[in-house]
Amino acid sequence: MDIVIRAAITFVALWFVVRVTGKRQISQLSAFELILLVTLGDLVAQGVLQDDTSLTAAMLAVGTFALLSVLVSWVSWRFPRTRPALTGQPVVVVERGEVNEEVLANERMPIDDLFEAAREQGIRAITEVDLAVLEPDGTFSFFVRTRERPGAEGGTGTDVKG
Amino acid sequence: MASDVSTVVGVRDVAASRRARKLRATGLAVLLVFVLCGSVGLLGPRGGVVGAEGGDYELTVHYTQITRQGMDAPLELEIRRAGGFAGPVSIAVDRRLLESIDFNSRYPQPDTETGDPERVVFDFDPPRGNQLTVTLDSHTAPTQWPHARTYSIGVLEGGQPAAMATFRMWVLP
């Protein structure tokens, strides 16, 4: 009983921590942040299991986390209005080649990360980008401006994700 | 050769997706039942009470019904005798129980301990009133394999069991 309650409280606390710390994917974490994340997992395990080292206790904690995870995804699917609160919302960071620095500052996202993601998509200059979106999972989606070719009419751009 | 480089080999169709969904739902149902069992204490720790009467003695045993490896498994014995105790109180505990749980401490400490292959007998000084309470602070041995065994604890009178309580303890992994 205790383990299920502690696991449920820890799940909610972890969700809260992840939501308030902002959008970052694992690949963007620095070495220090990665160590912090691993340490966080260790601290959480101690808090949930305490002195109980039995297999049943571990399975109960894992089961509680899995069920709550499924519940969150179901609520997010069934009630779309809860999605911004549960998983976050995408935000536009580049529009018509101009970086919205206020949005990057709000998300505590260094502009270098944006440049790196753009380079990975073969984008040489941000002015080539029609629209860039920072997704809830911390990835960037780029819509590149279509270069006008002689005899061609305007295009809709390309969606690349990085 | 074209089939070797196809990127859609092994991609599930709608029917396979439905089957996978049903399997996942079944798995989640099993997981839910498991967690619910844990929530209501069916996977331990869970205590029980058993009693026995015999001679002039009334014995009540508060024991751990379901426990897990390394978990606390306290044991409390209450022995009552109408009119009080005339001499030392002898309590016989199943030896297998003592082997499956590790004792941290006993309150009060017995004066003597003797034993045979099946049981260990603790002799306590008679208390002032008509009730002797013995608390055994213990935990399940961490190396125990999962099992369910029946144990007995009794009060002896003249070396013979006067009141004998029997209970079953489950040790989960």
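Criteria and cut-off values
Residues numbered from 1 in each chain as written. Chains lettered and ligands numbered in written order. Predicted model: local features only at pLDDT ≥ 70, side-chain atom pairs only at ≥ 80, totals over all residues. Heavy atoms only, no water. Contact = heavy atoms within 4.5 Å. Buried area = accessible area lost by both parts, 1.4 Å probe. Polar contact = N/O pair within 3.5 Å; in protein donor to acceptor, adjacent residues only side chain to side chain. Helix = DSSP H or I, 4+ residues; strand = E, 2+ residues; numbered from the N terminus. Nonpolar A, V, L, I, M, F, W, Y, C, P; charged D, E, K, R; others polar. Expected span 1.5 Å × (residues − 1). Core = buried A, V, L, I, M, F, W, Y, C linked by side-chain atoms within 4.5 Å. Buried < 20%, exposed > 50% of the residue type's maximum accessible area, 1.4 Å probe, protein only. pLDDT = per-residue confidence, 0-100.

A. Summary view of the interface of chain A and chain B. Across the contact, 15 residues belong to chain A and 13 residues belong to chain B. Taken together, both faces of the contact between chain A and chain B bury some 1,200 Å²; the carbon and sulfur share is 72%. Considering only the side of chain A, the residues that lose the most area to chain B are T56, L60 and L67 of chain A, jointly responsible for 41% of the buried surface there. Across the chain A-chain B interface, the total number found is three residue pairs in polar contact (both at pLDDT 80 or more). Contributions of two or more residues to the side of chain A that touches chain B are made by α1 (2-21) and α3 (55-78) of chain A. The biggest single contributor to the side of chain A that touches chain B is α3 of chain A, with ten residues. The class makeup of the residues in the side of chain A that touches chain B is ten nonpolar, four polar and one charged.

B. A look at helix α1 (residues 14-39) of chain B. With 26 residues, α1 of chain B should cover 38 Å at 1.5 Å per step; its first-to-last C-alpha distance of 37 Å lies within 8% of that length. Contacts from the buried residues of α1 of chain B go to α1 and α3 of chain A. Note on α1 of chain B: the residue one or two positions beyond its end, G41 of chain B, has a positive phi of about 85°.

C. Here's a closer look at the nonpolar core. All names here are of chain B. In this structure, V61, I79 and I91 are the most contacted members of the largest nonpolar core, which totals 31 residues. Of all elements in the fold, only β1 (46-54), β2 (57-68), β3 (75-81), β4 (89-94), β7 (119-124), β8 (131-140), β9 (147-157) and β10 (160-172) reach the threshold of two or more residues within this core. Setting aside anything within four residues of it in sequence, one finds I91 in contact with L77, I79, V120, V121, F122, F124, L132, V134, I153 and G154.

D. Geometry of the environment of W170 of chain B. Residues and elements named next belong to chain B. Tracing the sequence through the fold places W170 in strand β10. Sequence spacing of W170 and V9 is 161 residues, and the spatial spacing of their C-alpha atoms is 50 Å. Excluding residues within four positions of it along the chain, W170 makes contact with Q65, I66, T67, H147 and A148.

E. Region of the structure containing the confidence of the model for chain A. Summary statistics for chain A give a mean pLDDT of 84 and a share of 86% for residues scoring 70 or more. Between residues 151-158 of chain A, whose pLDDT stays under 50, and residues either more than four places distant or in other chains, the model counts seven contacts.

F. Quick peek at unusual backbone geometry. Omega for the bond connecting G44 of chain B with P45 of chain B falls within 30 degrees of zero, at -5°, which places this linkage in the cis form. Inspection of the secondary structure puts P45 of chain B in the loop between α1 and β1. Residue Y107 of chain B is joined to P108 of chain B through a cis peptide bond whose omega torsion reads -10°. For Q50 of chain A, which is not a glycine, the phi torsion comes out positive at approximately 50°. Counting through the fold element by element, Q50 of chain A comes out in the loop between α2 (31-49) and α3. A positive phi angle is found at R108 of chain A, which is not glycine, with a value near 50°. Along the polypeptide, R108 of chain A turns up in the loop between α5 (101-106) and α6 (111-120). Its relative accessible area of 52% is what places R108 of chain A among the exposed residues.

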